Structure formats: C-alpha cells, structure tokens
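In case you want the letters, here they are:
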Amino acid sequence: METNKPTNRFRARFLGRTCRQIVFVIALAAIWELIASTGYLPPLLFPRFSHVIQALIKESLNGEVLGRTWFSLNLVAWGLSMATASAVLATALAMCWPVASECIETLMAILHPLPGIAILPIVILWLGTGRKSIATVIWFAAVWPLIANLHTGLRSVPITQIEAGRNLGLQGLHLVRTVLIPGAFPYILSGLRVAWARAWQALVASEMVFGASGGEGGLGWFIYKRRFFMEVPGVFAGMIVIVLIGLIVERVCFEQIEIRTVRRWGMTLE
Amino acid sequence: MKHVLTISKLTKHFRVHERTLIALQDIDLSVKEGEFITIIGPSGCGKSTLLRCIAGFETLTQGSVRVEGQEVNRPGIDRMMVFQGLDQLLPWLTVLENVAFALRVTRTAGTKKKSRTLAESYINLVGLRGYEDFYPHQLSGGMKQRVAIARALSVQPKILLMDEPFGSLDTFTRKALQEELASIWQKTKVTVLFVTHNIEEAIIQGDRIIAMSSQPGRILTVIDNPISRPRTPDSPGFADIWDDLHRLLGVQKGSVGGSLRQQQRIVSYEEMETRRLVAT
C-alpha cells in the first residue's frame, strides 16, 4: 500500500506555482522600468524601478528596513495576541451563557464594520500617542473576525462527533480540547488569516498618521518620513517591504499550515 | 446467562412547541449477555430515542436503564454507540489514530505503543488492514462505518448500540457489512442492540426481534428468531416471521426491500429532535 504522504505532491505544486508567480512579478518590474525610463512621467511621481531597488538596498544596509520591520512586526504580534486572548474569552463566555452570546453578537454587529484606523483619533485621546494606541487599533481590527470565526467554528463541529467523544467518557475542558478545538480548526485558521490581514493593514495605516507612533516607528512611519522628504523611491521601497512581509506570512506561514492540516484532513471550508 | 441490560418502565417525553410528544411509553426490556437484538419499527417510532436513552445521550422522563444491575444515566464506554451518520470519526486523525485515540482516552491502552498495537488488531478485525494511515475523508461510507465499529469494539463495551449504521450505504455494501458484523459478533460475543427500519435486515441479524409502534413509542411484540445462522430470505421460517412483522407493523405486502413508510405525513421524533437541537 502506497504511503500516504501529501507533502511531496504539494511541495512540487507549490514550487511550480511560485516559479510562475516570480516570473510574472519580474515581467511587471521590467515593464515598470521601461515605462519609467522613457521620462514621459515625472520621476518624482513615477521613479524608475532600479532607483526603487537602490533605495531599498541602501535602507536595508543602514538597518532602517530591519529596524522598522521589527518594530512593526512586534506591534502586530502584541496586538494579535491580545486579540486572540480576548476572542477566546469572549467565545468561552458566549458558549456558556446565551445572554453573553447575544451581547457579543450585538457588539460585533455594531463595531465590526468600523475599520481599525477609524478609532485611532479616539484612542489617541484616551491613551496618547505611541505603541499603546497603535496596539489598541490592531486589537480592535483583529478581534472581531477572530470571535466570529471561533464561534462559528465551534458550532460547526458535527454533533455526532461530540457525542462520540462523550461516549468515550470525555467531558468539559477535555472534550473541548480533544474534539471541539481540532474540529473548529479550519475556522480558527481562517479567522487568524483574516485577523492578520486586517491587523497588518491597520498597523501600517496607523503609523502613517502623523505623530501616532510618537517618534519611534515602523514601516508606515518609514513611508511617511520618505514622503515628507520627497524621497519617492523610498516610499515605493517601503511599500515593497510591506507587500513582501504580507506575502511571506501568507504563503510561508498560513498556507503551509493549511496544507499540513486542513487540506490533509479534508476539512477545507469551500 | 445474566442480564446485561434491564430497562424498566422507560418513558421519554419531548416538549416541542409547547406540546408534549410521547416518544417512548413504558418500555420494558431485558437483554442477556451476548444476545443480538434487532429493533424494528416505522420512522419516528422512537427506536433511535430508545437507543439514545440507553446510551445516556437523553435523560429519561420516567423509568430506569440498568447495566448489570447498576443504573446508568450518562454516556459511558460500557455502552458504545455506532451512529448512522458518516461523520462520527474525527477527521483530523487517521484510521489508526481514531481507534488509538479511543483506547488512550479511555485508558484501555494507556501508552502510545500499546494503543497502536491494539488499534491495529481491531482494524484488522473489521477488514481494513492496510488502511491505517488513511484519513476519514479518503474512505468510502462502508469503510468509515467499519472504522466506527472497530473504535466502538476496541474499548470492550458491554453493549454495542447500533443506530441504523448501514442506513446511509448502498445495498451491496450493506449486505457485505451485515455479514461482517455477524462474523465479528460471533468472534467477540459482544451484546448488540441493532436498530433498523429494514425488515429483512432485522430478521437476518436478530436472534430476538423487537417490533415497535409509533405515537406513542411502545414495544408491540418481541419475536424469538428460531432460524439458525447464517440466515437468508430462503431460510425455512423466514417468510413466516416476514409476514408476521409486516402484519404487525401495518405495512403493505410487497413493499420494496421491506422498508416501512409512513402512511401519513407525521413529523417523526427524529426530525423534531433535530429541530430542537438546531434551535438551541
């Protein structure tokens, strides 16, 4: 009987797809360079791709890129962990008491449509500028998709599986840990993915608001400063770094986890 | 042989939309160790509810369920259930891990190595050797049910409760699994309560056949099956029991496959229970 190893097949497909995507991106960069080098568009508005890369290399070598990225990622991690903890708490309450469930649902309906950045002015008034405000905005952006997905996920576990677990004598937290959480995993992963995307966007947006990060700063602040000094290649360089990080987290982190778990188990949400 | 299961005056009411529905009324039943009992009745007669009450998934309105003299009112590994649905296996575990999980979690085989070895033997018993590393979504319906049976048997229950386990399967798979189940039963000598709506299946499998009526759910009669195994529709005496059951359960002769259909559109208790679960 053939051993059931999905990783090799997926790896081959992953590499093939990645190669095609890299070729496409290189083609886009080449077109960018060509258009910019004609001089038809003012270089201040549309710098050459090669200049953008030069700026990127320069800022990487002097540690700016690394420092700003580290700051940004730290803040996102902080905000996301708080959001995850809040989501777990809120969902636990909602599962235990129907009243809590209704309250949380109502709260979500009201606040979910607000983009994280929209609450920044209020948060600055309450907490001042600096890391705390930005972390709060990140928390706000991430917590609602986390609660929604965790709640839906736990309720999507088939009752038959739960009863099979109870039949084996499982109950309480043991049952939750061994049957409900793994059963809800596809939704949990989906929630984390959405939460990360919203958190990352909220972070960059918040940092760009002048003075929000209070002097220190991440990638958003990096872009803001470059724009302020009209170093347009630097602006584009910053954007590239932001995109790269988003891509890496999505492809190297989330997608790999998805392949090894949700897809292997045949539990995809489609 | 002693009585492994004693049910006395079991009554179960459901409250649905401010009406009280009597799913089961005064059920009395004694089952000896090692018996293979089939329970047959029309849809909604409460046979699934009866099984769920025995398993401990439903609270009784009245009466008691005793296993070897001890009253039981919650789920336990002494009464293992094989459900009808094809989603009872844990999808994130392989076939082997599903059975090993049951063994470890019930402390039947505590260590990883012991649980894997024992799990392998049960997977072998149900004829799935070589499929240990498959995930449930890669299995056919019949194979999934076999794994479920392996999992249920592995923890060595006193009673195996089977709630129309082959109901979602096609005729060929069902027949194959019926034979396998019979041979597994003869090997393990476990007590089996097997619910079905298929009269032919009930007569083939059951040493005692319990016919139930619906609304309220009551035991109409208990038929001792004198035919010796292996039983087929050609076996002497089969036709008599077939006729008896058809008459008792008020079914037209010549119904396809001997299945029972509701004469009127009465909402079954299973449906109401599902609605109740969905609404909460």
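Data block above holds the structure.
Basis of the calculations
Residues numbered from 1 in each chain as written. Chains lettered and ligands numbered in written order. Predicted model: local features only at pLDDT ≥ 70, side-chain atom pairs only at ≥ 80, totals over all residues. Heavy atoms only, no water. Helix = DSSP H or I, 4+ residues; strand = E, 2+ residues; numbered from the N terminus. Buried < 20%, exposed > 50% of the residue type's maximum accessible area, 1.4 Å probe, protein only. Contact = heavy atoms within 4.5 Å. Areas by Shrake-Rupley, 256 points an atom, 1.4 Å probe, with all protein chains shown as cover. Polar contact = N/O pair within 3.5 Å; in protein donor to acceptor, adjacent residues only side chain to side chain. Phe/Tyr/Trp six-rings, centres within 6.5 Å; stacked < 30°, edge-to-face > 60°. Lys NZ or Arg CZ within 6 Å of the ring centre and 35° of its normal. Buried area = accessible area lost by both parts, 1.4 Å probe. Salt bridge = Lys/Arg side-chain N within 4 Å of Asp/Glu carboxyl O. Nonpolar A, V, L, I, M, F, W, Y, C, P; charged D, E, K, R; others polar.

The subject of this paragraph is the overall build of chain B. Tallying secondary structure elements over chain B gives eight helices and 10 strands in all. Counting all 280 residues of chain B, 56% fall into the buried class. Long-range contacts, defined as pairs at least 24 residues apart, comprise 70% of the intrachain contacts of chain B with a sequence gap of at least 6. Per element, the accessible surface of chain B, about 12600 Å² overall, is 49% carbon and sulfur.

Turning our attention to the side chain of threonine 106 of chain B. Position of threonine 106 of chain B among the secondary structure elements: in the loop between α2 (95-105) and α3 (112-125). Since its relative accessible area comes to 15%, threonine 106 of chain B is described here as buried. For threonine 106 of chain B, the side chain forms a polar contact with the side chain of threonine 108 of chain B, separated by 2.7 Å. The residues touching threonine 106 of chain B, leaving out its near neighbours within four places in the chain, are Leu168 of chain A together with Ile77 and Val155 of chain B.

Another aspect to go through is the packing of aromatic side chains. Taken as a whole, this structure holds 15 aromatic pairs over all chains when the rule is applied. Here phenylalanine 36 of chain B and tryptophan 185 of chain B contribute two aromatic rings whose centre-to-centre distance is 5.6 Å and whose plane-to-plane angle is 80°, an arrangement assigned as edge-to-face. Residue phenylalanine 36 of chain B is located in strand β3 (residues 36-40), and its partner tryptophan 185 of chain B is located in helix α5 (residues 171-188); the two are separated by 149 residues in the primary sequence. Like tryptophan 185 of chain B, phenylalanine 36 of chain B is buried. With a centroid separation of 5.8 Å and an interplanar angle of 55°, the aromatic rings of phenylalanine 166 of chain B and phenylalanine 194 of chain B are classed as tilted. One end of the pair, phenylalanine 166 of chain B, is in the loop between β7 (159-163) and α5; the other, phenylalanine 194 of chain B, is in strand β8 (residues 191-196), with 28 residues separating them in the sequence. When sorted by exposure, phenylalanine 166 of chain B lands in the same class as phenylalanine 194 of chain B, which is buried. Three or more aromatic residues joined by ring pairs make a cluster, and in this case those are Trp32, Phe46, Phe49 and Phe236 of chain A. Its guanidinium or amino end placed over the ring of phenylalanine 222 of chain A, arginine 226 of chain A lies 4.2 Å from that ring's centre, counting from NZ or CZ.

Let us look at the interface of chain B and chain A. The extent of an interface is frequently quoted as the accessible surface area lost upon association of the parts. Taken residue by residue, the interface counts 29 residues in chain B and 22 residues in chain A. Interface area for chain B against chain A, summed over the two sides, is near 2300 Å², with a carbon-plus-sulfur share of 63%. Our count for the chain B to chain A interface comes out at one salt bridge. For the salt bridge of arginine 52 of chain B with glutamate 163 of chain A, the shortest nitrogen-to-oxygen distance reads 2.7 Å. Our count for the contact surface shared by chain B and chain A stands at eight residue pairs in polar contact (both at pLDDT 80 or more). Taken together, the residues that form the side of chain B that touches chain A break down as 17 nonpolar, seven polar and five charged.

As far as function goes, none of this settles anything; it's purely spatial.
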